[in-house]
Amino acid sequence: MKIGVMIQEGPYNHEASDTAYKFVEAALAKGHTIQGVFMYDDAVTNVAKHMEPPQDDRHIARRWSELGAKGVDIVVCVAAAKRRGMKPELIVDNTRISGLGQLSEICTEAERVVTFGD
Amino acid sequence: MAKIMFVNRNAPHGTIYAWEGLEVVLIFGAYENELAAVYMDDAVFSLKKGQDTSALGIKGFVQTLPVLEDYGCEKIYVDKESMEKRGLKTDDFAIPVEVMDSAGIGKIMEEQDVLLPF
Amino acid sequence: MLHIVNKSPYMKSSLESCIRVAQKDAPILLIEDAVLGAAAGGGAETLVKSALKDHPVYALSADISARGLAGNLTPGVKVIDYADFVDLVEQHKPMTWL
């Protein structure tokens, strides 16, 4: 099944990004297709390139980058990103910045859309 | 084409969800989807007339509400219980809305393909 | 429809609003802080029990364990993992009550 995901919260302050990641991992393991992971609101900072959490903590941006490398489309909302000072050169590899139109397409193409937020 | 409903539950201004949620509607209007919005819990205050955010320095959105219809979001529902609990009446709203009881809201939600909470 | 709730019922009315509009038999999944409401003997037990009358209620095991609540849940609440969460989403359109 084609499943889309929207995240509305940034890393660490909220569990949203963690739950979304675990959900996406489990969906892929079951053979589902992730239509896209759309980072909206403060979620744009989930893919901040210069993130450097303590070594014994999970690296949220790296997690999303690794999923991106596996072919999952990780999309950062351009309008939300601009508000928060996120630019293409500040996001991790295998993720991209695009418009809200991408979220609309995810909603049209996916059979399910799950939101994670606060 | 998908039936998409924006489920607004957050109060305006205290957090950005109401505003960034509205921005999503404005973009989605350019795509071939069937849009609807419901306002429940504290989000009923987002529809209130006479909001003046000038002293906050936050761009208000009450003046944007009347254009929702032009952007394809023709159905605006308000949860009756949320409205009454907060002492609001239909006259208090800046735009015409359809007030529905809990069962009605539940039924409309069930008819959607995608529900996006803000 | 699958109703996903992530807020503690002691802090926010998300679970209450969800139960109020959810159609009969629609499953409710408690994740993140919402699992606090599933702890047995708490003030939210009445609310969860009322939900159980009309809905299957699930709670995410990772969030339960993280909060030290394993083995201490209101009877009837089913504990599931992320893979089961995916199955529920496959079976039902989701709505998240944040």
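The structure this text deals with has already been given above.
None of the values given here were measured: they were computed from a predicted structure.

Undergrad: When you look at the side chain of D18 of chain A in this model, what are you seeing that I'm missing?
TA: Residues and elements named next belong to chain A. With respect to the element layout, D18 can be found in helix α1 (residues 16-29). A distance of 2.7 Å separates a polar atom in the side chain of D18 from a polar atom in the side chain of R58. Once residues within four sequence positions are removed from consideration, D18 is found in contact with R58, I60 and R63.

Undergrad: Help me understand the packing of α1 of chain A against helix α4 (residues 82-91) of chain C, please; the structure alone is not making it clear to me.
TA: Interaxial distance between α1 of chain A and α4 of chain C falls to 8 Å at its minimum, and their mutual angle equals 75 degrees. Relative to α4 of chain C, the element α1 of chain A lies roughly perpendicular. Taken together, the residues of α4 of chain C that come into contact with α1 of chain A (itself represented by T19, K22, F23, A26 and A27 of chain A) are Y82, A83, F85, V86 and V89 of chain C. Within the contact of α1 of chain A with α4 of chain C, the residues separate by chemical class into eight nonpolar, one polar and one charged.

Undergrad: Is there a simple way to think about the sheet that holds strand β2 (residues 28-30) of chain C in this case?
TA: Two pairing modes exist for strands in a sheet, parallel and antiparallel, and in both the strands are linked by backbone hydrogen bonds. Residues and elements named next belong to chain C. The five strands lie next to each other as β4-β3-β2-β1-β5, forming an open sheet whose pairing is parallel. Looking at which strands have only one partner, the edges of the open sheet turn out to be β4 (78-80) and β5 (94-97). The mean angle between the axes of side-by-side strands here comes to 30 degrees, regardless of whether they run parallel or antiparallel. As paired elements, β2 and strand β3 (residues 57-60) share three bridges and run parallel to each other.

Undergrad: So what exactly am I meant to see when it comes to the packing of aromatic side chains here?
TA: Any two aromatic rings considered together are summarised by their centre-to-centre distance and by the angle between their planes. Enumeration according to the criterion identifies eight aromatic pairs over all chains in this entry. Plain terms: the ring middles of F23 of chain A and F85 of chain C are 4.7 Å apart, the flat faces sit at 55 degrees to each other, and that makes the pair tilted. Taken together, the positions of F23 of chain A in helix α1 and F85 of chain C in helix α4 put the pair across two chains. Taken as a pair, F23 of chain A and F85 of chain C share a single burial class, namely buried. Taken together, a centroid distance of 6.1 Å and an interplanar angle of 5 degrees make the contact between W19 of chain B and F61 of chain B stacked. Of this pair, W19 of chain B sits in helix α1 (residues 17-28) while F61 of chain B sits in the loop between β2 (34-39) and β3 (73-79), and the two are 42 residues apart along the sequence. Take W19 of chain B: its relative accessible area is 13%, and that puts it in the buried class. Here F61 of chain B falls in the buried class, since its relative accessible area comes to 3%. Taken together, the ring pairs connect F23 and F116 of chain A together with F85 of chain C into an aromatic cluster.

Undergrad: Even after reading the chapter, I still don't get the state of the cysteines, so can you show me in this structure?
TA: Among covalent bonds in proteins, the disulfide is the one between the sulfur atoms of two cysteines. The final tally for this structure, using the stated rule, is zero disulfides over all chains. Unpaired in this structure, C73 of chain B has its nearest cysteine sulfur neighbour in C107 of chain A, at a distance of 13 Å. Owing to a relative accessible area of 1%, C73 of chain B belongs among the buried residues under this scheme.

About the thresholds
- Residues numbered from 1 in each chain as written.
- Chains lettered and ligands numbered in written order.
- Predicted model: local features only at pLDDT ≥ 70, side-chain atom pairs only at ≥ 80, totals over all residues.
- Heavy atoms only, no water.
- Helix = DSSP H or I, 4+ residues; strand = E, 2+ residues; numbered from the N terminus.
- Polar contact = N/O pair within 3.5 Å; in protein donor to acceptor, adjacent residues only side chain to side chain.
- Contact = heavy atoms within 4.5 Å.
- Axes fitted to C-alpha atoms, helices over the stretch in contact; angles between N-to-C directions.
- Parallel < 35°, antiparallel > 145°, perpendicular 65-115°, else oblique.
- Nonpolar A, V, L, I, M, F, W, Y, C, P; charged D, E, K, R; others polar.
- Pairing = 2+ DSSP bridges.
- Phe/Tyr/Trp six-rings, centres within 6.5 Å; stacked < 30°, edge-to-face > 60°.
- Buried < 20%, exposed > 50% of the residue type's maximum accessible area, 1.4 Å probe, protein only.
- Disulfide = S-S within 2.5 Å.

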